[in-house]
Amino acid sequence: MKKVRIQYLNDEVKRLEYIDGKSDWIDLRAAEDVVLKKGEFRLIHLGVAMQLPQGYEAHIVPRSSSFKNYGIIQTNHMGVIDETYAGPNDWWRMPVLAMRDTEIHKNDRICQFRIMEHQPRIQFEECGQLEAPDRGGFGSTGKN
């Protein structure tokens, strides 16, 4: 089992835990009360700083209910924090854009993360044509 050192902003920030035992994603919460007007950008403090194991990175994405509940979108769509962002002042934040006027309260669950190993080194080999079956187009449906 990998260990991750974690620093909390203060005692008011709820401690991290897996999502109801249903997933290997872990919820992150707002560490502050935030009032946003439609069109406003904000880096929302998540109340944690972590020292990830060497060779690992964290992927941060919105919760499925974040837009419905708060009308926010994560501006980088998926945040990536690698193990070098591990100093005592390297606090995690979520960059958001408000799509409507909204309020987020301290300890509201607004995003989630998981820790992943870095991608292994790969080498690209150029070819004239790929040999796998042709799925015929765009995305998983093959339709444009």
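You'll find the structure just up there.
Predicted, not measured: the structure shown is a model, and the values here were computed from it.

Undergrad: Help me out: how do you make sense of the sheet that holds strand E9 (residues 93-98) in this one?
TA: Across a sheet, strands are paired by hydrogen bonds formed along the backbone, either parallel or antiparallel in direction. The strand order E4-E9-E7 describes an open sheet built from three strands, whose pairing is antiparallel. Both outer strands of the open sheet, strand E4 (41-45) and strand E7 (72-74), are each paired with one neighbouring strand and no more. Recorded for the sheet is a direction-independent mean angle of 40° between the axes of neighbouring strands. Relative to E9, E7 runs antiparallel, the two sharing three bridges. Across the sheet, the residue bridging to Gln74 is Val96, located in E9.

Undergrad: Sorry if this is basic, but what is going on with the environment of Arg100 here?
TA: In this fold, Arg100 is placed in the loop between E9 and strand E10 (102-104). When its relative accessible area of 34% is taken as the criterion, Arg100 is described as partly exposed. When neighbours within four sequence positions are excluded, Arg100 is seen to be in contact with Leu36, Lys37, Lys38, Phe67, Lys68, Asn69, Tyr70 and Gly71. A polar side-chain atom of Arg100 sits 3.0 Å from the main-chain carbonyl oxygen of Lys68. At a separation of 3.3 Å, a polar atom in the side chain of Arg100 contacts the main-chain carbonyl oxygen of Asn69.

How each quantity is defined
- Residues numbered from 1 in each chain as written.
- Predicted model: local features only at pLDDT ≥ 70, side-chain atom pairs only at ≥ 80, totals over all residues.
- Heavy atoms only, no water.
- Pairing = 2+ DSSP bridges.
- Helix = DSSP H or I, 4+ residues; strand = E, 2+ residues; numbered from the N terminus.
- Axes fitted to C-alpha atoms, helices over the stretch in contact; angles between N-to-C directions.
- Buried < 20%, exposed > 50% of the residue type's maximum accessible area, 1.4 Å probe, protein only.
- Contact = heavy atoms within 4.5 Å.
- Polar contact = N/O pair within 3.5 Å; in protein donor to acceptor, adjacent residues only side chain to side chain.

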